[in-house]
Amino acid sequence: MTTIKDILFRVLLVALLLVAFNFIYKAFFFEDDLQEHSGLINLVRTVVNDNCEIVYVGESSNNTARSDDADKRMISDFVADYFPTVKMGNITKPASHAGIYYELLRNIPEVSPVKTVVVTLNLRSFNAQWIYSDLETPLQKSIVLLKDRPALYNRFMLSFKGYDIKTNEEREKQFKHMWRHSPLLLRDDFPYENVAKWDKGTAEKGIRNADGSINYELTTLACHYIKGYGFSIDFSSNPRVTDFDNIVRLAEERNWNLVFNLMAENIQKADSLVGDDLVFLMRRNRDKLIERYQKNGVLVVDNLEAVEDEQFIDQNWTTEHYAEKGRRIIAANVAKALKGWYPTQFVDVAFIPDTISTKP
Amino acid sequence: MLFNSIEFLIFFPIVTLLFFVLPHKYRWFHLLAASCVFYMFFIPQYIFILLVTIVIDYVAAIWIAKTDGKKRKRYLVISVVSTCAVLFVFKYFNFFNDNMLLLSHKMGFYYPEHVVSFILPIGLSFHTFQSLSYVIEVYRGNQKPEKHFGIYSLYVMFYPQLVTGPIERPQNLLVQLRQEKTFSYQNLSHGLRLILWGLFVKMVVADNIGAYVDQIYAKPESFNSLSILNGLFFYSFQIYCDFFGYSTIAIGCAKAMGYNLMDNFKNPYLAQNIREFWQRWHISLSTWFRDYVYFSLGGNRVKISRWVFNILIVFVLSGLWHGANWTFILWGFAHGLVHVAEHFTKKIFKWKEFTDKTLASVVRFFNGIKTFVIVTFIWILFRATDVHHAKNVFLSVFRNTSVGDQLHVDMKTWIFLALFIVLDTLLFNNRFDRWCDKRHFVLRWSMYALMIFGIIVFSSVNNFPFIYFQF
């Protein structure tokens, strides 16, 4: 009996100590830790401190420009041109995705000037290679302290690596497993049942030059497109869907106007390198996402096919990095969508795409 | 499963609680299952390698006990060779292969190139040696063979010491695994103290230092001499705190259930010479080499030249045990050389002969410093990726006297390192759990509080796996 009493007393003592530690940590150490390990929070603070009413959330698609762009400003800046009287800010974190956006948006105080949130909806971020990317571990680590839990508990999770921490090899195993086991759900006579086989088949067949020899550069790029877009979104298991669902729920709680800005992909290149089947998958995934989120009251801006091939900065890789004209087109589409909520503040910017240089 | 992970913080209380809830006759199975789960958190399929080793040595020991004469020896050899073969394939094959290729190029003979890509099973060297010690002890007649396959498997797989030791002897662990353990508040308390102390030492001291060591070893040419010396000093404590921390947690986990594992460290950096250092550093390994290799070679009851050979061979093997790389072999050889050199010059450094107490203390102090400095420099070979890297780090100490960047060390790192050094010195030849017994409740709990707070708030956020996992 004495032993049980002793143990209970000590357990209680530890519990009390932890409560006290939480106060001490919050008061003296938390801010330093935030700055050191979760500097992302400053992006949120800037938006709040600047009293921004519209917040544009995105990754490198927002702030990447081509060297010959006359105007190298971000997509969010171009959107802001349409609403000169509305304060607009951006939260831009390269290589991030909806899971990170959710944590950042959640850190906007419940009472804040923010009324409208534009979130980048990147089709590629639903693919296995991105979901299980080697960038995921540092990204997950950077948001541990931002989670909605007691500060000391968050620090505990950071110390004991209580987040999605995996080696690059483990991540590779994960996405390769997905490539092998996720059905493509394409036409019945499609020769490949999954991405792994499609990728292998394309690599073996190769893309031919005019003289019949294999063009290895184009073949590699075609395989990359297959791995980037060759998937069929499964709403029941794709973690990115959960992330976007969380954002929808958060926007409802905060009473925000929510826009999902579905980014442009290089459909022309996908078509020329791989063919109709890949384009079909891209379009079907787009349609599924638009249908799902529009049903949930989100305004989805469909930019999937809005930007032409030559406006994509990276011609040898799949990215959503656009030259000025591409960024302006996307901004114009977003602005038009926002006009519904800000009809009086909207100013039609004289944007004539043809006047902008299109040559890299 | 890592001791410093969320999974382990859930695993440990469940396993310990279930251990005491279950009747004695089911406990071996419970611990064996828990150990399998613990091991399979790394690479699940490698448990079969462990199983192969277990089966070989289990059967061999029974046959050894049943037979005598030449047959007995034959079974021992079969067992040792097969167990070592597993170790060789996974750990040394590529090293052997690379060196044979290199030799074939130099000597001009043909050697076919083999490419084998294995991930070294975690703790393979540890449980191989533990398994070998059992067979050898049975052969020597010091231990009866264990008939219960489950209990023998548990002896090899006992989760607290499965991956990085202490390398136990059957006379200590196997006997305890058969004993009925009753719940003891004192054991639990001592076990938890050790776990707390071990986690603190690993997570707060070793891992915070580790970040600076990595910087230095990544680009030794860009730091000035003082910073490199700082890095070398830090590595001495990183490896100590890392391994000592792990061993302490292991001992604590076993202690909570009433099992006593051997101590693996006793203030090694307070040693007066290399010989004493090895009596205080990784004790379970050094005694293993002493008992099964050094004594078998004749120990010190041989001619002096043969003794020198014995010492060098034991240290080289010890180096090789650590890793399949010339750096480890040279590291062991360097320790052996210093050991031999100290033997021949021991009269110069023998402080006990000084009658004046103050002078004796001064000499003792300088002997301690001398040993620490030697060990610290030899650690370069242990930490470096290859011999060229080691040479580069070593030379940078002397080369970069007026060039290079300064290593900027966070104040909290110094504070925690200093705290550890003070506490470790206070614990001289004692253990944290026993030392705590004699402290007042308030002091004890203040220390626990500081450690808990330190572990949560000041642990490194970088991922530093236990250094000895690679062995």
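None of the values given here were measured: they were computed from a predicted structure.

Asks: Kindly report on the overall build of chain A, identifying the contributing residues and their values.
Replies: Check the secondary structure of chain A and you find 15 helices and five strands. Buried residues in chain A amount to 52% of all 360 residues. Of all intrachain contacts in chain A linking residues separated by at least 6 positions in sequence, the fraction that spans at least 24 positions is 76%. For chain A, the exposed area adds up to about 16,800 Å²; of that, 54% sits on carbon and sulfur atoms. For chain A, the distance from the average position of its 44 positive side-chain charges to the average position of its 50 negative side-chain charges is 4 Å.

Asks: How would you sum up the sheet that holds strand 3 (residues 116-121) of chain A? Please name residues and give values.
Replies: All names here are of chain A. Overall, parallel pairing links the five strands, which are arranged 2-1-3-4-5 in an open sheet. Strand pairing shows two members of the sheet lacking a second neighbour, strand 2 (88-92) and strand 5 (299-302), which therefore form its edges. Looking at each pair of strands side by side, their axes are set apart by 20 degrees on average, direction ignored. Sheet topology note: the strand 1 (residues 54-58)/strand 3 ladder contains four bridges and is parallel. If you follow Y56 over to strand 3, its bridge partner there is V118. Across the sheet, helix 5 (residues 98-106) lies against strand 1, strand 2 and strand 3, angled at about 165 degrees from strand 3, the strand it touches most. Each of strand 3 and strand 4 (257-262) is contacted by helix 12 (residues 239-254), which is oriented at about 155 degrees to strand 4, the strand it contacts most.

Asks: How would you sum up the interface of chain A and chain B? Please name residues and give values.
Replies: Between chain A and chain B, the residue contacts involve 27 residues of the former and 23 residues of the latter. A combined buried area of about 2,200 Å² lies between chain A and chain B, and 76% of that area is made up of carbon and sulfur atoms. A per-residue breakdown of the area chain A buries against chain B is headed by A:R10, A:F21 and A:F160, which together make up 28% of the total. Joining chain A to chain B, the criterion identifies zero salt bridges. Joining chain A to chain B, the criterion identifies ten residue pairs in polar contact (both at pLDDT 80 or more). Elements with a contribution of two residues or more to the side of chain A that touches chain B: helix 1 (2-37) and helix 8 (151-159) of chain A. Tallying contributions element by element places helix 1 of chain A first for the side of chain A that touches chain B, with 15 residues. Here the residues of the side of chain A that touches chain B sort into 17 nonpolar, four polar and six charged.

Asks: I'd like a rundown of the side chain of A:N215, residues and numbers included.
Replies: All names here are of chain A. In this fold, N215 is placed in the loop between helix 10 (195-205) and helix 11 (216-229). Side-chain polar atoms of N215 contact the side chain of N209, separated by 3.0 Å. Of note is the side chain of N215, whose polar atom sits 3.2 Å from the backbone nitrogen of E217. Excluding residues that lie within four positions of it along the chain, N215 makes contacts with I207, R208 and N209.

Asks: Mind laying out the state of the cysteines, listing which residues take part and the relevant values?
Replies: Scanning all chains against the criterion turns up zero disulfides over all chains. Just so you know, B:C253 is unpaired, no disulfide at all, and the nearest cysteine sulfur is the one on B:C436, 17 Å from it.

Asks: Provide a residue-level description of the pairing of strand 3 of chain A, including the pertinent values.
Replies: Remark: a regular strand shows side chains that alternate across the two faces of the sheet. The buried fraction of strand 3 of chain A amounts to six of the six residues, a majority that puts the element mostly inside the structure. Burial of the side chains of strand 3 of chain A extends over both faces: A:T116, A:V118 and A:T120 are buried on one face and A:V117, A:V119 and A:L121 on the other.

Asks: Quick one: what's the story with the packing of helix 9 (residues 225-256) of chain B against helix 16 (residues 387-399) of chain B, residue by residue and with numbers?
Replies: Residues and elements named next belong to chain B. Between helix 9 and helix 16, the least distance of the axes is 7 Å, while the angle of their chain directions is 135 degrees. Accordingly, the angle class assigned to the pair helix 9 and helix 16 is oblique. Remark: the crossing between helix 9 and helix 16 carries left-handed chirality. Of the residues in helix 16, those touching helix 9 at S225, I228, L229 and L232 are V393, S396, V397 and F398. Each residue belonging to the contact of helix 9 with helix 16 can be placed in one class, and the counts come to six nonpolar, two polar and no charged.

Asks: Describe the side chain of A:R327, and please don't skip the residues or the numbers.
Replies: Residue and element names in this part refer to chain A. Turning to its location among the elements, R327 is positioned in helix 15 (residues 324-338). Of the residues examined, R327 reaches a relative accessible area of 0% and is grouped as buried. In terms of polar contacts, R327 uses its side chain to reach the backbone carbonyl oxygen of R73, at 2.9 Å. Discounting residues that sit within four places of it in the chain, R327 has contacts with S61, N62, T64, A65, R66, D69, D71, K72, R73, I75, F78 and Y322.

Asks: Account for a nonpolar patch on the surface, with residues named and values stated.
Replies: Residue and element names in this part refer to chain B. Together, I10, I14, L17, L18 and V21 make up a nonpolar patch on the protein surface, roughly 490 Å² of accessible area in all. Note on placement: V21 falls in helix 1 (residues 6-21). The class of V21 is exposed, set by a relative accessible area of 62%.

Asks: Describe the pattern of salt bridges, listing the residues and the values that go with them.
Replies: Residue and element names in this part refer to chain A. This structure, assessed with the given rule, holds 42 salt bridges over all chains. For R106, the salt bridge is made with D148, and the minimal N-O distance between the two is 3.8 Å. Placement of R106 in helix 5 and of D148 in the loop between helix 7 (136-143) and helix 8 is noted, with a sequence separation of 42 residues between them. Residue R106 is classed as buried on the basis of its relative accessible area, which comes to 14%.

Asks: So what about the packing of aromatic side chains? Which residues, and what values?
Replies: Applying the stated criterion to the full structure yields 99 aromatic pairs over all chains. With centroids separated by 5.8 Å and ring planes inclined at 65 degrees, the aromatic side chains of A:Y25 and A:F30 adopt a geometry described as edge-to-face. Residues A:Y25 and A:F30 agree in their burial class; the two are buried. Summarising the aromatic geometry, the rings of A:F83 and A:Y342 are spaced 5.9 Å apart at their centres and angled 65 degrees between planes, so their arrangement reads as edge-to-face. Of this pair, A:F83 sits in the loop between helix 4 (75-81) and strand 2 while A:Y342 sits in the segment after helix 15, placing them 259 residues apart in sequence. Note on A:F83: relative accessible area 1%, which makes it buried. In this arrangement the basic side chain of B:K202 is found over the ring face of B:F466, its NZ or CZ atom lying 4.6 Å from the centre. Seen from the ring of B:W435, B:R439 lies directly overhead, with NZ or CZ sitting 4.3 Å from the centre.

Conventions we followed
Residues numbered from 1 in each chain as written. Chains lettered and ligands numbered in written order. Predicted model: local features only at pLDDT ≥ 70, side-chain atom pairs only at ≥ 80, totals over all residues. Heavy atoms only, no water. Helix = DSSP H or I, 4+ residues; strand = E, 2+ residues; numbered from the N terminus. Buried < 20%, exposed > 50% of the residue type's maximum accessible area, 1.4 Å probe, protein only. Contact = heavy atoms within 4.5 Å. Areas by Shrake-Rupley, 256 points an atom, 1.4 Å probe, with all protein chains shown as cover. Lys, Arg positive; Asp, Glu negative; His and termini not counted. Charge placed at Lys NZ, Arg CZ, Asp CG, Glu CD. Pairing = 2+ DSSP bridges. Axes fitted to C-alpha atoms, helices over the stretch in contact; angles between N-to-C directions. Buried area = accessible area lost by both parts, 1.4 Å probe. Salt bridge = Lys/Arg side-chain N within 4 Å of Asp/Glu carboxyl O. Polar contact = N/O pair within 3.5 Å; in protein donor to acceptor, adjacent residues only side chain to side chain. Nonpolar A, V, L, I, M, F, W, Y, C, P; charged D, E, K, R; others polar. Disulfide = S-S within 2.5 Å. Parallel < 35°, antiparallel > 145°, perpendicular 65-115°, else oblique. Left-handed = near helix turned anticlockwise from the far one by under 90°. Patch = residues over 30% accessible without salt bridge, like charges linked within 9 Å, V, L, I, M, F, W, Y side chains within 5 Å. Phe/Tyr/Trp six-rings, centres within 6.5 Å; stacked < 30°, edge-to-face > 60°. Lys NZ or Arg CZ within 6 Å of the ring centre and 35° of its normal.

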